[in-house]
Amino acid sequence: MAETSARVGIVMGSDSDWPVMKLAAEALAEFDIAHEADVVSAHRMPEEMLEYGRSAASRGLSVIIAGAGGAAHLPGMLAAVTPLPVIGVPVPLKYLDGMDSLLSIVQMPAGVPVATVAVGGARNAGLLAVRILAATSPELQERMSAFQADLRATAQEKGAVVRG
Ligand code: RP5
C-alpha cells in the first residue's frame, strides 16, 4: 500500500459503520490531525485487512482506529499484525444492543491489546488517538488541555442552570 501523510487510519468492517465511525474523523479534524478512512472487512476482505495492518506503520500511520459490529474481529486482527496502538470501536447493530460487538473487541488475549471504547464511542476513539499523538507533541498537549478546560466550563455552566 502507498505511503500516506495521514497520522491516524480509521477503518471499519462496512460502510454501514460510517455513521458511527465518522465521529472519530470529526474529533481528529477538530485537532487538525491528518487521517484516512476506509472499509477493510476482516471477514469479507481478509487479505486486504492483513495488508492494511501489516503496512500501516511503514506507510506512516501512528494510530489505527478500527470499528466493527456483531462478530467484530477487525480491531483484534489488526492488532495482531501491527505494532501500532489500535483503538477498537464496538458498533451497535440491530440485535443485542452492541454487546456482541463490545465483547468481541474487548476480550483480547494477553499480549495483543486493543484499547476499547464504549459501544458507539467513536468520538472518544478519535480523542484518545489525539492524546496518544499528544504524548510526543507539546503543542497538541496544550490543545488537549484547552479542550478539557472547555469541557469543564460547559459542565459548570450546566450546573449553574440546574442550581438556578
Ligand atoms: C460487520 O458487520 C460490520 O462491521 C458491520 O458492523 C456489520 C454489518 O455489515 P453490513 O451487513 O451492514 O455490511 O462486519
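Counting restarts for each chain, with residues numbered from 1 along the sequence as it is written. Under the rules for a predicted model, residues below a pLDDT of 70 receive no local features and side-chain atom pairs below 80 are neither given nor counted, while totals for whole chains, interfaces and linings still include all residues.

- As annotated in an unreviewed UniProt entry, the protein chain is N5-carboxyaminoimidazole ribonucleotide mutase from Nocardioides agri.
- UniProt positions are given in the numbering used here, feature names are shortened, and annotations may be inferred rather than shown by experiment. As stated in UniProt under Sequence similarities (unreviewed entry), the record for the protein chain gives "Belongs to the AIR carboxylase family. Class I subfamily."
- Looking at the Function (unreviewed entry) heading of the UniProt record, one finds this comment for the protein chain: "Catalyzes the conversion of N5-carboxyaminoimidazole ribonucleotide (N5-CAIR) to 4-carboxy-5-aminoimidazole ribonucleotide (CAIR)."

### Remarks on the overall build of the protein chain
And step 1. The helix count covers DSSP runs of H or I at least four residues long, the strand count covers runs of E at least two residues long, and both are numbered beginning at the N terminus. The helix and strand inventory of the protein chain stands at six helices and five strands.
And step 2. For the protein chain, the N- to C-terminal ordering of α and β elements is β-α-β-α-β-α-β-α-β-α-α.
And step 3. Its C-alpha atoms give the protein chain a radius of gyration of 16 Å, within 12% of the compact-globule value 15 Å for 164 residues.
And step 4. With the principal axes as the frame, the protein chain shows a C-alpha extent of 55 × 40 × 30 Å.
And step 5. Every C-beta atom is placed from the backbone, and the number of other C-beta atoms within 10 Å of a residue's own sets its class: buried at 20 or more, exposed at 12 or fewer, partly exposed in between. Within the protein chain, the fraction of its 164 residues that count as buried is 37%.
And step 6. Of the contacts formed within the protein chain by residues at least 6 apart in sequence, a portion of 69% connects residues at least 24 apart. Radius of gyration means the value over C-alpha atoms here, while the globule rule gives 2.2 Å times the residue count to the 0.38 power. Here the contact rule is simple: place C-beta atoms from the backbone, and any two residues whose C-beta atoms are within 7 Å are in contact.

### Looking at the packing of helix H5 (residues 122-134) against helix H6 (residues 138-163)
And step 1. Note on geometry: axes are lines fitted to C-alpha atoms, helical ones only across the stretch in contact, with angles between N-to-C directions running from 0 to 180 degrees. Between H5 and H6, the shortest axis-to-axis distance is 8 Å and the interhelical angle comes to 140 degrees. Viewed along their axes, H5 and H6 adopt a mutual orientation that is oblique. In this structure, H5 contributes Val130, Arg131, Leu133 and Ala134 to the contact, and H6 contributes Leu140, Gln141 and Met144.
And step 2. Class assignment for the residues of the contact of H5 with H6 results in five nonpolar, one polar and one charged. Note on angle classes: values under 35 degrees are labelled roughly parallel, values over 145 roughly antiparallel, values of 65 to 115 roughly perpendicular, and the remainder oblique. The nonpolar class holds Ala, Val, Leu, Ile, Met, Phe, Trp, Tyr, Cys and Pro. Asp, Glu, Lys and Arg form the charged class, and all remaining residues, Gly among them, are polar.

### Focus: the UniProt feature "domain: PurE" (unreviewed entry) in the protein chain
And step 1. UniProt marks residues 6-155 with the feature "domain: PurE" (unreviewed entry), using the numbering shown here.
And step 2. Helix and strand shares over residues 6-155 are 49% and 17% respectively, and the end C-alpha atoms of the span are 33 Å apart.

### Some remarks on the site of the ligand
And step 1. Proximity of a residue to a molecule or strand is defined by its backbone-placed C-beta atom lying within 6 Å of that partner. Taken together, Met12, Gly13, Ser14, Ser16, Asp17, Ser41, His43, Ala68, Gly69, Gly70, Val91 and Leu93 are the residues near the ligand.
And step 2. Split by residue class, the shell around the ligand holds four nonpolar, seven polar and one charged.

### Examining the environment of Ala155
And step 1. Mapped onto the fold, Ala155 is located in helix H6.
And step 2. Residue Ala155 is classed as exposed on the basis of its 10 C-beta neighbours within 10 Å.
And step 3. Taking the C-alpha atoms as reference, Ala155 lies 39 Å from Ser41; in sequence the two are 114 residues apart.

### Points about the sheet that holds strand E3 (residues 63-69)
And step 1. Each pair of strands is called paired provided DSSP finds at least two bridges between the two strands. In spatial order, the strands read E2-E1-E3-E4-E5; together these five strands make up an open sheet with parallel pairing. Of all the strands in the sheet, the pair left with one neighbour each is strand E2 (35-39) and strand E5 (115-116).
And step 2. Here strand E1 (residues 8-12) pairs with E2 via five bridges, running parallel. Among the inter-strand pairings, Val8 is bridged to a residue of E2, identified as His35.
And step 3. Lying on the sheet, helix H3 (residues 74-81) is in contact with E1, E3 and strand E4 (86-91); it crosses E3 at an angle near 150 degrees.
And step 4. In this fold H5 packs onto E1, E3, E4 and E5, with an angle of close to 165 degrees to the strand it touches most, E3.

### Overview of the nonpolar core
And step 1. The biggest cluster of nonpolar side chains holds 42 residues, and the ones touching the most others in it are Ala24, Ile64, Ile65, Ala66, Leu74, Ile87 and Val89.
And step 2. Of all elements in the fold, only E1, helix H1 (18-30), helix H2 (46-59), E3, H3, E4, helix H4 (99-106) and H5 reach the threshold of two or more residues within this core.
And step 3. When residues of this core are assigned to their parent elements, the largest contribution, seven residues, is made by H1.
And step 4. For Ala24, the residues in contact, after removing those within four places along its chain, are Ile10, Ile65, Val89, Ala122, Arg123, Ala125 and Gly126. We define the nonpolar core as any set of buried residues of the types Ala, Val, Leu, Ile, Met, Phe, Trp, Tyr and Cys, connected via C-beta atoms lying within 7 Å of each other.

### Points about H2
And step 1. Helix span, as expected, comes to 1.5 Å for every residue beyond the first. Between its first and last C-alpha atoms H2 spans 19 Å; for 14 residues at 1.5 Å apiece the expected length is 20 Å, and the two agree.
And step 2. The largest bend in H2 amounts to roughly 30 degrees and is located at Gly53.
And step 3. Check the buried side of H2 and you find it contacts E1, E3 and H3. The seven residues ending at a residue and the seven starting there each receive a fitted axis; the angle between those axes is the bend at that residue.

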